[in-house]
Number of protein chains: 2
Amino acid sequence: MQNDLVAALDIGGTKIAGALVDGEGRLLVRAQRPTPAREDGETVMGAVETVLGDLAADPRWAEVTAVGIGSAGPVDASAGTVRPVNVPGWRDYPLVDRVRATTGDLPVTLVGDGVAMTAAEHWQGAARGHANALCMVVSTGVGGGLVLNNRLHPGPTGNAGHIGHISVDLDGDPCPCGARGCVERIASGPNIARRALEGGWRPAADGDATAAAVARAARAGDPVALASFARAAQALAAGIAATATLVEIEIAVIGGGVASAGEVLFGPLRRALREYATLSFVGGLEVAPAQTGADAGLIGAAAAVWSASSAGIERTEVRTA
Amino acid sequence: MQNDLVAALDIGGTKIAGALVDGEGRLLVRAQRPTPAREDGETVMGAVETVLGDLAADPRWAEVTAVGIGSAGPVDASAGTVRPVNVPGWRDYPLVDRVRATTGDLPVTLVGDGVAMTAAEHWQGAARGHANALCMVVSTGVGGGLVLNNRLHPGPTGNAGHIGHISVDLDGDPCPCGARGCVERIASGPNIARRALEGGWRPAADGDATAAAVARAARAGDPVALASFARAAQALAAGIAATATLVEIEIAVIGGGVASAGEVLFGPLRRALREYATLSFVGGLEVAPAQTGADAGLIGAAAAVWSASSAGIERTEVRTA
């Protein structure tokens, strides 16, 4: 691909990671700081600037032509602002302008973290070669992104593919987002654990009450644990089928901690998909685990830069006067 | 727009309409036949050929450079075939090849009827000027189509935007498509009428038990009729909100017989949208009635030709060797 380098940032509620990424998707230089998520906005920005400073200390910084940011959402790529749920100090925070000011007016591309992971999976992972794909992260939350017509589809604000907050159970449990029966409210790791506990499952002696522990119990045949994963799979299947029916995708790629449960999740998910993806044009839909792992956010932030510049995607690259 | 003419076909379970459409969207010549929907496939094709023959008898046929077809679905634009639910004689029927053979090898663009209506609304109707839109027909069934990045998004097979068959109630009533709780299963005209009858509503002396009669009762204050429309509105809102959350749309345009109920539908729909479209980036979503009316299918079939040729949309124009 390109010979130039991108400075990539992956901004989450726990850590702020950075890297210089080359046209092959290699991470040449890395930097990282914990996110001071409970501090004021300027303190959080200070951590971002420290990460950028660490990257800029490398001589290869001179080859950097753009900055790509994947951030916890919601983001607003059209305004260049972010308001991550888990970073209360940033509310419509002008992240793009601030990063431009720090980097000598390099062009900055901002997308949500689900869109960044999708860019990574389409470039280097399980969605490679697919013209139309949904990529998802199923973890503490449920996020995602879309590839349509062989291009990243961030949408005008960089949030498209936000499958965690579509309702698949319109009379269902209230979701923190304000709606009811969202995919995340049923399928996220904490909700898998909550449902297992409510059904009578109890943690082992180690006290681990996470979805990973529920997955271990399910693999051992615990019926309550199996049922909790099956319900999560059903909600994911309804959401994936809805996406396929709306935009025509060939493959759904699933990463994140819950996906590491493996067949405990993917088995019932594939069965449930056959129940919800019924129309002829979605019958061939595949499901696959993600491949890009912990660096997906950084690789994807770089890929989003190149995707935006080659596709001319509107307004995802914000240049202020 | 263009100076050339398109021969447009709108193929439904009741009638086969045709027109020569100019670059302003004017219908210069019209032709129509009833669909012999219960006959064999060749008899149905004979009706299509008769419509095309009527159009070709006009001297302006010489200016026709392409054929656009909007057909009841599912269609398969990549294969050039159709299998309309209500035309059992056509099962993976090679409509594109047959129309090409009839028209002297003119290029043929095939899309589903929901996609055609969307093309019409984006060109001449309520979605004009919007870069990202969902257009829907709520009638005996519920169909739709998408405009993304200012272009029609038919998807590889020409069926994208098929919102009637996304599940918004994953444990809900079985839908004829095989899934459960689909938008159509809750919000179509026949389901609005069924639900009102089940709730105790009774037709007036004229015996009219359609959704239009339920709408009249709702406007007169009948609580059961109002509740049936409110439930339909809730399902439509969940589906529209899901679409906005997945692909970022600015407007949802609704046409079809059920939409003619007016505020009985649109009032509760706008209220329900506030409950389901909760994320910041979908907060500005508008809802509007469709404007293109009975000619939407013909205007849209022509618009789909020009959209496909200008956008280079993959595989929607099928040319066989």
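Every value quoted in this text rests on a predicted model; they were computed, and no experiment measured them.

Visitor: Can you break down the overall build of chain A residue by residue, with the values?
Guide: Along chain A, the regular secondary structure elements total 9 helices and 13 strands. Taking 321 residues into account, the globule formula puts the C-alpha radius of gyration at 20 Å, and chain A, at 20 Å, falls close to it. Considering only C-alpha atoms, chain A reaches an extent of 55 × 45 × 35 Å along its principal axes. Across chain A, the fraction of contacts at a sequence separation of at least 24, relative to all contacts at a separation of at least 6, is 65%.

Visitor: Let's hear about the pairing of strand S12 (residues 286–289) of chain B: which residues, and what values?
Guide: Residue and element names in this part refer to chain B. In terms of strand pairing, strand S11 (residues 251–255) meets S12 through 4 bridges, oriented parallel. Looking across to S12, one finds that Ile251 is bridged to Glu286. With respect to chirality, the unit in which S11 leads through helix H8 (residues 263–276) into the neighbouring parallel S12 is right-handed.

Visitor: So what about the interface of chain B and chain A? Which residues, and what values?
Guide: At the interface, 41 residues of chain B touch 41 residues of chain A. Counting residues per element, the side of chain B that touches chain A draws most heavily on helix H7 (residues 223–247) of chain B, at 9 residues. Residue composition of the side of chain B that touches chain A, by class: 20 nonpolar, 16 polar and 5 charged.

Visitor: Explain the sheet that holds S11 of chain B residue by residue, including any values.
Guide: Residues and elements named next belong to chain B. Overall, mixed pairing links the 5 strands, which are arranged S10-S9-S8-S11-S12 in an open sheet. Two strands bound the open sheet, and with one partner strand each, they are strand S10 (151–152) and S12. Bridging between strand S9 (residues 142–148) and S10 involves 2 bridges; their strand directions are antiparallel. Its bridge partner being in S10, Leu148 is matched across the sheet by Arg151. Helix H3 (residues 113–124) rests against strand S8 (133–138), S9, S10 and S11 of the sheet, and its axis sits at about 50° to S9. Relative to S8, H7 is tilted by about 155°, and along the sheet it contacts S8, S9 and S11.

Visitor: An account of the domain arrangement of chain A is needed here, citing residue identities and associated values.
Guide: Residues and elements named next belong to chain A. Split into domains, chain A comes out as domain 1 (5–116 + 295–318) and domain 2 (128–291). Centre-to-centre separation of domain 1 and domain 2, based on C-alpha positions: 27 Å. Contacts between domain 1 and domain 2 engage 20 residues on the former and 16 residues on the latter. Elements represented by at least two residues in the side of domain 1 that touches domain 2 include exactly strand S5 (75–76), strand S7 (108–112), helix H3 (113–124) and helix H9 (296–311). The greatest single-element share of the side of domain 1 that touches domain 2, amounting to 4 residues, is contributed by H9. Broken down by class, the residue content of the side of domain 1 that touches domain 2 amounts to 10 nonpolar, 6 polar and 4 charged.

Visitor: Explain the sheet that holds strand S12 (residues 286–289) of chain A to me, using residue names and the numbers behind them.
Guide: Either a parallel or an antiparallel arrangement is found when strands of a sheet pair, and the pairing is made through backbone hydrogen bonds. Strands sit in the order S10-S9-S8-S11-S12 (chain A) across an open sheet of 5 strands; the sheet is mixed. Looking along the sheet, the strands with just one partner apiece sit at the ends: strand S10 (151–152) and S12 of chain A.

Visitor: Could you give me a rundown of the relation of the copies chain B and chain A, with the residues and numbers involved?
Guide: Here chain B sits on chain A after a turn of 180° about the axis and a move of 0.0 Å along it, with an RMSD of 0.0 Å. On this basis, the relationship between the two copies can be described by a two-fold rotation axis. Interface residue correspondence from chain B to chain A reaches 100%, placing this contact among same-surface, isologous pairings.

Visitor: Please give an account of the packing of H7 of chain B against H8 of chain B that cites residues and values.
Guide: All names here are of chain B. Two numbers describe how H7 lies on H8: the axes approach to 8 Å, and their chain directions differ by 45°. With respect to their mutual orientation, H7 and H8 come out oblique. Regarding H7 and H8, the two cross each other, and that crossing is right-handed. On H8, the residues that touch Phe229, Ala230, Ala232, Ala233, Gln234, Leu236, Ala237, Ala238, Ile240 and Ala241 of H7 are Val264, Leu265, Pro268, Leu269, Ala272, Leu273 and Tyr276. Residues belonging to the contact of H7 with H8 are distributed by class as follows: 16 nonpolar, 1 polar and no charged.

Visitor: Provide a residue-level description of the pairing of strand S9 (residues 142–148) of chain A, including the pertinent values.
Guide: All names here are of chain A. Within S9, 7 of the 7 residues are buried, which leaves the element mostly enclosed by the surrounding structure. Judged by which residues are buried, S9 turns out to be covered on both faces: Val142, Gly144, Leu146 and Leu148 on one side and Gly143, Gly145 and Val147 on the other are all buried. Once S9 ends, the chain turns through 2 residues before running back antiparallel as S10, passing Asn149 with a positive phi of about 50°.

Visitor: So, H3 of chain A: which residues are in play, and what are the values?
Guide: Quick reminder: α-helices carry 3.6 residues per turn. Residues three or four places apart thus point the same way. Between its first and last C-alpha, H3 of chain A extends 16 Å over 12 residues, near the 16 Å set by a 1.5 Å rise per residue. Burial runs high along H3 of chain A: 11 of the 12 residues are buried.

Visitor: Lay out the environment of Gly293 of chain A in plain terms, naming residues and giving numbers.
Guide: All names here are of chain A. Following the sequence through the fold, Gly293 ends up in the loop between S12 and H9. On the basis of neighbour count, Gly293 is assigned to the exposed category, with 10 C-beta atoms found within 10 Å. For the pair Gly293 and Val96, spaced 197 residues apart in the sequence, the C-alpha separation amounts to 26 Å.

Visitor: So, unusual backbone geometry: which residues are in play, and what are the values?
Guide: Residues and elements named next belong to chain A. Cis geometry is adopted by the peptide bond preceding Pro74, which originates at Gly73 and carries an omega value of 0°. Backbone geometry at Asp105 places phi at a positive 65°, although glycine is not the residue there. Its place among the elements puts Asp105 in the loop between helix H2 (95–102) and S7. For Asp105, a count of 10 C-beta atoms within 10 Å corresponds to the exposed category. A positive phi angle is found at Glu248, which is not glycine, with a value near 65°.

Calculation rules
- For every chain, the first residue of the written sequence is number 1, and numbering continues from 1 onward in sequence order.
- Chains carry letters from A onward and ligands carry numbers from 1 onward, assigned in written order.
- A pLDDT threshold of at least 70 governs which residues receive local features in this predicted model, and a stricter bar of 80 or more applies before side-chain atom pairs are shown or counted, although totals over entire chains, interfaces and linings include all residues.
- Numbering of helices and strands runs from the N terminus; a helix is a DSSP stretch of H or I covering at least four residues, while a strand is a stretch of E covering at least two.
- Within these notes, the globule rule equals 2.2 Å times the number of residues to the 0.38 power, and the radius of gyration is based on C-alpha atoms.
- Note on contacts: each residue gets a C-beta atom placed from the backbone, and two residues are in contact if those atoms are within 7 Å.
- Think of it this way: DSSP has to see at least two bridges between two strands before they count as a pair.
- Handedness of a crossover is defined as follows: orient the strands so they point away from the viewer, and if the path from the first strand over the helix to the second runs clockwise, the crossover is right-handed.
- Think of it as three bins: nonpolar holds Ala, Val, Leu, Ile, Met, Phe, Trp, Tyr, Cys and Pro, charged holds Asp, Glu, Lys and Arg, and polar takes everything else, Gly as well.
- To obtain an axis, a line is fitted to C-alpha atoms, over the contacting stretch when the element is a helix, and the angle between two such axes runs from 0 to 180 degrees between their N-to-C directions.
- Where each domain begins and ends follows an automated or database-derived domain assignment.
- A least-squares fit on C-alpha atoms brings the copies together, and the residues used are those whose pLDDT is at least 70 in both copies.
- Note that the term roughly parallel is reserved for angles under 35 degrees, roughly antiparallel for angles over 145, roughly perpendicular for angles of 65 to 115, and oblique for everything else.
- Left-handed is the label given to a crossing in which the near helix is rotated counterclockwise from the far helix by less than a right angle, and right-handed is the label when the rotation is clockwise.
- Counting other C-beta atoms within 10 Å of its own, a residue is labelled buried from 20 upward, exposed at 12 or fewer, and partly exposed in the gap between, with every C-beta atom placed from the backbone.
- Helix span is expected to be 1.5 Å times the residue number reduced by one.

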